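These are the residues of each chain, in order.
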Amino acid sequence: MELKRIIEAVLFSSARSITAKQMIKKLDDFPPEEVLEALSRLIAEYNSADRAFLIAEVSGGFQMQTKAEYGDWVKRFVREKEMGLTRSVMETLSIIAYKQPVPKKEIDRLRGVDSSRAVKQLLERKLIELGGRLEDAGKPMVFRTTKLFLETFCLKNTADLPTLKEIASLDA
């Protein structure tokens with residue numbers, strides 16, 4: 001079997017992004033440099049070909065995705081999974097994503113309300129996690145986003161979040 005096609009089948013069937021390190025570990029019948037070369041060739045092949053999907057780098061790994069221009073067509077056939085995030089939960093998640101690591105006290109201050117319920121929901125959904133403690137009085141816990149957050153929102157890392165200027169341009 002050709003290694004490139006094995007990687008293609010794995011990426012196609014996986015709901016989550018897969019790191020190069022995971023591929024090397026699980027495809028141990030092949031030398032690591034061959035795995036990386038096959039992955040690189042496959043990415044180039046998909047991303048330069050006239051196809052409706054590509055291989056994107058997401059959350060430190062790789063994942064097959066439909067190209068954005070086909071999204072409206074796909075939605076006609078595939079029901080999107082609703083995340084079920086309320087406005088308050090999305091506000092809280094946004095604050096954590098942009099200000100991380102951030103203590104709950106700062107989240108509450110920025111939102112102007114207690115965010116306990118929203119933080120709890122985000123922790124339960126594994127979109128955020130504890131990121132340690134501050135050295136301030138009382139040593140408050142801080143929160144940060146998780147790998148699942150990056151995968152859910154198709155981001156390589158938090159640097160891929162839109163800037164305030166980009167968000168403002170959406171209104172224009």
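Residues numbered from 1 in each chain as written. Predicted model: local features only at pLDDT ≥ 70, side-chain atom pairs only at ≥ 80, totals over all residues. Heavy atoms only, no water.

What to know about the environment of Met90
Part 1 of the reasoning: Along the chain, Met90 turns up in helix H5 (residues 87–99).
Part 2 of the reasoning: In this structure Met90 comes out as partly exposed when scored by relative accessible area, which is 31%.
Part 3 of the reasoning: For the pair Met90 and Asp50, spaced 40 residues apart in the sequence, the C-alpha separation amounts to 36 Å.
Part 4 of the reasoning: In contact with Met90, other than residues within four places in its own chain, are Leu85 and Phe153. (Helix = DSSP H or I, 4+ residues; strand = E, 2+ residues; numbered from the N terminus. Buried < 20%, exposed > 50% of the residue type's maximum accessible area, 1.4 Å probe, protein only. Contact = heavy atoms within 4.5 Å.)

Description of the pattern of salt bridges
Part 1 of the reasoning: For the coordinates displayed, the defined rule picks out 14 salt bridges.
Part 2 of the reasoning: Residues Lys4 and Glu45 are paired through a salt bridge, measuring 2.6 Å at the closest nitrogen-oxygen approach. Pair noted here: Lys4 is in helix H1 (residues 3–13) and Glu45 is in helix H3 (residues 32–48), with a separation of 41 residues, a long-range link.
Part 3 of the reasoning: Relative accessible area serves as the criterion here: at 11%, Lys4 is assigned to the buried category.
Part 4 of the reasoning: For Glu45, a relative accessible area of 22% corresponds to the partly exposed category.
Part 5 of the reasoning: Residue Lys104 is joined to Asp108 by a salt bridge in which the shortest nitrogen-to-oxygen separation is 2.5 Å. Within this pair, Lys104 and its partner Asp108 are both found in helix H6 (residues 104–111), separated by four residues, close to a single helical turn. (Salt bridge = Lys/Arg side-chain N within 4 Å of Asp/Glu carboxyl O.)

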